[in-house]
Amino acid sequence: MAEHATQMQVSDEIAITISKMNKWYGTFHVLRDIDLTVNRGERIVICGPSGSGKSTLIRCINALEEHQQGSIEVDGTLLSSDLKNIDKIRSEVGMCFQHFNLFPHLTILENCTLAPIWVRKTPKKEAEETAMHFLEKVKIPDQAMKYPGQLSGGQQQRVAIARSLCMRPRIMLFDEPTSALDPEMIKEVLDTMIELAEEGMTMLCVTHEMGFARQVANRVIFMDAGQIVEQNEPEAFFNNPQSPRTQLFLSQILGH
Amino acid sequence: MSDTHAQTVAFVRETEIPEAAPPYAATGPVKWMRENLFATPANALLTVVAAYAIYLILAPTLPWILNGVWTANSLAECREILQGATGACFAVLTERWPQLLFGFKYPSELYWRPSLAFVLLFVAVAPVLFFDLPRKLLIFTGLFPFIAYYLIWGGTIFVPILALVGCLGGYAVYQRFVTGSFAAGFFGGIAAALLIWYIGGLLIPDGASENAMLTPVPSRDLGGFMLNMMLGVTCVSLSIPIGIALALGRQSSMPLIKVVCVVFIEFIRGVPLITLLFVASVMLAYFFPPDSTVDLFLRVVIMITMFSAAYIAEVIRGGLAALPKGQYEAADSLGLDYPQAMRLIILPQALKISIPGIVNVAVGLFKDTVLVSVISMFDLLGMIRGPILASTEWNGVYWELLGFASLLFFVVCYGISQYSQWLERRLATDHR
Ligand SMILES: Nc1ncnc2c1ncn2[C@@H]1O[C@H](COP(=O)(O)OP(=O)(O)OP(=O)(O)O)[C@@H](O)[C@H]1O
Ligand SMILES: [Mg+2]
């Protein structure tokens, strides 16, 4: 499995640079001095105990949360409070949520074509072709005319992935994409994500699916109390964790 | 042949059980009555009591309605025809029919104009209410206010045309600048429209109205149910967009906008509508330039619109609050900007949730239009209370007139309510 991961190319080009980033919710210091550089084509899995700030970290990358100190640079664009920059970064960065967040009043196809049509100004026909292409890729082209409420959780999450892909993002963020799903649906979503990784997508993924981490990640990051405590290649991370906190965490989630 | 193989364990049906008619007592009216009216002794008792109550109500009213007199010239004549028997004097409705509909000052030879506007109203609202109709019809909807104004008020055609040109010019400027920033587009558009109206106003010749194709009718000559319809339609269609804007403003992250919206909503909600109408009839004139004659109709429209917009804003705020935060985040993460996210994602869902509340306000608003009779405008109720009941011929025919007014309002309000239920079913896509 380790050699599986190394097949996938990681380039020297830098996709995301986060340096000395700090964030507070009111007076609560959620993220402390985060330093992280992500190269293009990297697949990073972020794990850590609940409340450690994993979601907050990846939500800062597409400015769903604003940070108060330090800098985040995505694809060479510096994240500032300038709305133009934020919109530019958001259209380059796809995001999948724990609860899918599909638009319930639109069909699956409309969910997928909405952003390309309105943000990218793609003609409707072309946007629909792209959408069908990605729906085929996540293996649900036959559901295109249904509404999200008529789909299973796994199908909805795959639609959410397709919806992000329709914007042709260069980076994908996943926030616990499988933790609201039943076990038999987890696999279909993970398979989709693995396929994406094999195609060289830059991915940051918050997940507790350690099998997935071993198979596709080239780096695993462990967070606790708003800090990056340890990061390493998956083999080394799982077999030989350095920090006691990582050891405790791994023994808890792998223990049973 | 037996139904099952007695000797084997597994069950395989070989013969179909023939279809049989249900026993008599389980179908038809007998079954229905047994299940719905006489299910238990208590239920049976209630049925009997309710039937008696219905009888008590109908016993006097039915003969009164059925025995009604439809042609007579005064109450006294009605009484003569009835000769002491119970019977309504519906003759007042037939005799005063035009007054009930159009008021007593609208020139009778011009009744066709508001009637035509009324018919066109249905064409105009159809594409708004039933969105399966071709979208091109919306062009007529956009033109309708100007056509209706021209038909009802008459006068020179330059006025509605100028109004239309102003709106189009404002819209063009808005389109041009909105890509830069919303505020620039919005205020630029308003400024452009005002400028066009001002310049155009100077260009319209003074006597244009006198020798116009359609005889001008001043606002104070409007009346009857027509006035209620005009106020209702205008105020509902203005207050929904204003209500949406107020609701969004109240959520805004910009403190100034937020404060303005909150103060407006809370102030208007805290004041009785009657008070606002009195303000409109006497005081609002002070706020306009002294020589401008902003007519009473417009002042009343402004007041009623503000009043219901505040209520609609609160209803929509409820709808906005009911949407999960994830919908905003998903819209943001796809790169939609604020206006797009609102228009495409948030408002369609929030408005759908708010339909019952909005309809509630709209129905209430429509009925509240009769309050203008208090500030001596002769709407349907004003006509009944004033010119008709005060006349020597019809002094004392309360039941027939007020019953008729209630019926008219009921028909319209019931129609609105039925439409909203259809709309809710039509929009149900969430399949929860
Ligand atoms: N909007 C908010 N306002 C205040 N505090 C918040 C807010 N969102 C999160 N927090 C706090 O910030 C901390 C980090 O939250 P975050 O959601 O990033 O954790 P997480 O690592 O994703 O946890 P989980 O595994 O449960 O999803 C938590 O202690 C949480 O209570
Ligand atoms: Mg989280």
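Residues numbered from 1 in each chain as written. Chains lettered and ligands numbered in written order. Predicted model: local features only at pLDDT ≥ 70, side-chain atom pairs only at ≥ 80, totals over all residues. Heavy atoms only, no water.

## Focus: the overall build of chain B
- Counting secondary structure elements, chain B contains 17 helices and zero strands.
- Here chain B has a C-alpha radius of gyration of 29 Å; the compact-globule value for 432 residues is 22 Å, and the former is much larger.
- Considered along the principal axes of its C-alpha atoms, chain B spans approximately 100 × 80 × 40 Å.
- Put simply, chain B has 432 residues, and 38% of those count as buried.
- The long-range fraction of contacts in chain B, counting pairs at least 24 apart against all pairs at least 6 apart in sequence, stands at 66%.
- Of the roughly 25,000 Å² that chain B leaves accessible, carbon and sulfur atoms contribute 71%.
- Side-chain charges in chain B split into 24 positive and 26 negative, and the spacing between the mean points of these groups amounts to 6 Å. (Helix = DSSP H or I, 4+ residues; strand = E, 2+ residues; numbered from the N terminus. Rg over C-alpha atoms; globule rule 2.2 N^0.38 Å. Buried < 20%, exposed > 50% of the residue type's maximum accessible area, 1.4 Å probe, protein only. Contact = heavy atoms within 4.5 Å. Areas by Shrake-Rupley, 256 points an atom, 1.4 Å probe, with all protein chains shown as cover. Lys, Arg positive; Asp, Glu negative; His and termini not counted. Charge placed at Lys NZ, Arg CZ, Asp CG, Glu CD.)

## Quick look at the overall build of chain A
- Tallying secondary structure elements over chain A gives ten helices and ten strands in all.
- For 256 residues, the compact-globule estimate of 2.2 N^0.38 gives 18 Å, and chain A sits close to it at 18 Å.
- The C-alpha extent of chain A, read off along each of the three principal axes, is 55 × 45 × 35 Å.
- Within chain A, contacts between residues at least 6 apart in sequence are counted, and of these 69% link residues at least 24 apart.

## Details of the sheet that holds strand 2 (residues 28-39) of chain A
Residues and elements named next belong to chain A.
- Taken together, four strands build an open sheet; the order of strands is 2-1-4-5 and the sheet is antiparallel. Since the sheet does not close on itself, it has two edges, and those belong to strand 2 and strand 5 (77-78), each with one partner.
- Bridge count between strand 1 (residues 14-25) and strand 4 (residues 69-74): five bridges; the pairing is antiparallel. In the strand pairing of strand 4, Ser19 is matched with Ser71.
- Set on the sheet, helix 2 (residues 54-61) makes contact with strand 1, strand 2 and strand 4; between it and strand 1 the angle comes to about 125°. (Pairing = 2+ DSSP bridges. Axes fitted to C-alpha atoms, helices over the stretch in contact; angles between N-to-C directions.)

## Some points on the interface of chain B and chain A
- Contact with chain B, which involves 21 residues of that partner, is made by 24 residues of chain A.
- Carbon and sulfur atoms supply 61% of the area that chain B and chain A bury against each other, a total of about 2,100 Å² over both sides.
- On the surface where chain B and chain A come into contact, there are one salt bridge.
- Across the pair Glu329 of chain B and Arg59 of chain A runs a salt bridge, and its minimum N-O distance is 2.7 Å.
- Across the chain B-chain A interface, the total number found is six residue pairs in polar contact (both at pLDDT 80 or more).
- Within the residue set of the side of chain B that touches chain A, elements represented by two or more residues are helix 14 (325-333) and helix 15 (338-368) of chain B.
- The dominant element in the side of chain B that touches chain A, judged by the number of residues it contributes, is helix 14 of chain B, at eight residues. (Buried area = accessible area lost by both parts, 1.4 Å probe. Salt bridge = Lys/Arg side-chain N within 4 Å of Asp/Glu carboxyl O. Polar contact = N/O pair within 3.5 Å; in protein donor to acceptor, adjacent residues only side chain to side chain.)

## Digging into the state of the cysteines
All names here are of chain B.
- Evaluation of the coordinates by the stated rule reveals one disulfide over all chains.
- Disulfide pairing places Cys78 opposite Cys89 at an S-S distance of 1.9 Å. Given an S-S torsion of about 70°, the disulfide between Cys78 and Cys89 has right-handed geometry. Of the two residues, Cys78 is situated in helix 3 (residues 75-82) and Cys89 in the loop between helix 3 and helix 4 (91-95); the sequence distance between them amounts to eleven residues.
- Given a relative accessible area of 1%, Cys78 falls into the buried group.
- Residue Cys89 is classed as buried on the basis of its relative accessible area of 3%.
- Considering cysteine sulfurs only, Cys235 is the nearest to Cys261, which forms no disulfide, with 20 Å between them. (Disulfide = S-S within 2.5 Å.)

## Considerations on the site of ligand 1
All names here are of chain A.
- In the vicinity of ligand 1, the residues found are Tyr25, Phe28, Val30, Pro49, Ser50, Gly51, Ser52, Gly53, Lys54, Ser55, Thr56 and Glu176.
- One of the side-chain nitrogen or oxygen atoms of Tyr25 is found 3.4 Å away from a nitrogen atom of ligand 1.
- Gly51 is positioned such that a nitrogen or oxygen atom in its backbone is 2.9 Å from an oxygen atom of ligand 1.
- Protein contact buries 60% of the 630 Å² of open area that ligand 1 shows by itself.
- Listed by contribution, the elements that provide at least two residues to the shell around ligand 1 are strand 2 and helix 2. (Near = heavy atom within 4 Å.)

## Considerations on the nonpolar core
- With 133 residues, the main nonpolar core has Ile18, Ile46 and Leu204 of chain A together with Tyr106 and Leu401 of chain B as its most contacted residues.
- A per-element tally of this core places helix 15 of chain B first, with 14 residues.
- Residues contacting Ile18 of chain A, with those up to four places away along its chain left out, are Ile34, Asp35, Leu36, Leu57, Ile61, Ser71 and Ile72 of chain A.
- Formed by 46 residues, the second largest nonpolar core is a distinct cluster that contains Leu109, Ile140, Val189 and Val216 of chain A. (Core = buried A, V, L, I, M, F, W, Y, C linked by side-chain atoms within 4.5 Å.)

## Topic: the packing of helix 12 (residues 273-283) of chain B against helix 13 (residues 296-322) of chain B
Residue and element names in this part refer to chain B.
- With their axes 9 Å apart at the nearest point, helix 12 and helix 13 run at an angle of 150° to one another. As far as their axial angle goes, helix 13 and helix 12 are roughly antiparallel. The interaxial crossing formed by helix 12 with helix 13 has right-handed handedness. Packed against helix 12, whose contacting residues are Leu273, Leu276, Leu277, Val279, Ala280 and Ser281, the element helix 13 presents Leu296, Arg299, Val300, Met303, Ile304 and Phe307 at the interface.
- Grouping the amino acids of the contact of helix 12 with helix 13 by side-chain chemistry returns ten nonpolar, one polar and one charged. (Parallel < 35°, antiparallel > 145°, perpendicular 65-115°, else oblique. Left-handed = near helix turned anticlockwise from the far one by under 90°. Nonpolar A, V, L, I, M, F, W, Y, C, P; charged D, E, K, R; others polar.)

## Structural notes on the pairing of strand 8 (residues 202-206) of chain A
Residue and element names in this part refer to chain A.
- Within strand 8, five of the five residues are buried, leaving the element largely enclosed by the surrounding structure.
- Here strand 8 shows two buried faces, one formed by Thr202, Leu204 and Val206 and the other by Met203 and Cys205.
- Note: strand 3 (residues 43-47) against strand 8, four bridges, orientation parallel. Directly across from Ile46, in strand 8, lies its bridge partner Val206.
- Relative to strand 8, strand 7 (residues 171-175) is paired through five bridges, and the arrangement is parallel. Bridge pairing links Ile171 to Thr202 in strand 8.
- Crossover handedness for the path strand 7 to helix 7 (residues 183-198) to strand 8: right-handed. (Right-handed = clockwise from strand over helix to strand, strands pointing away.)

Keep in mind that these numbers describe shape and distance, not what the molecule does.
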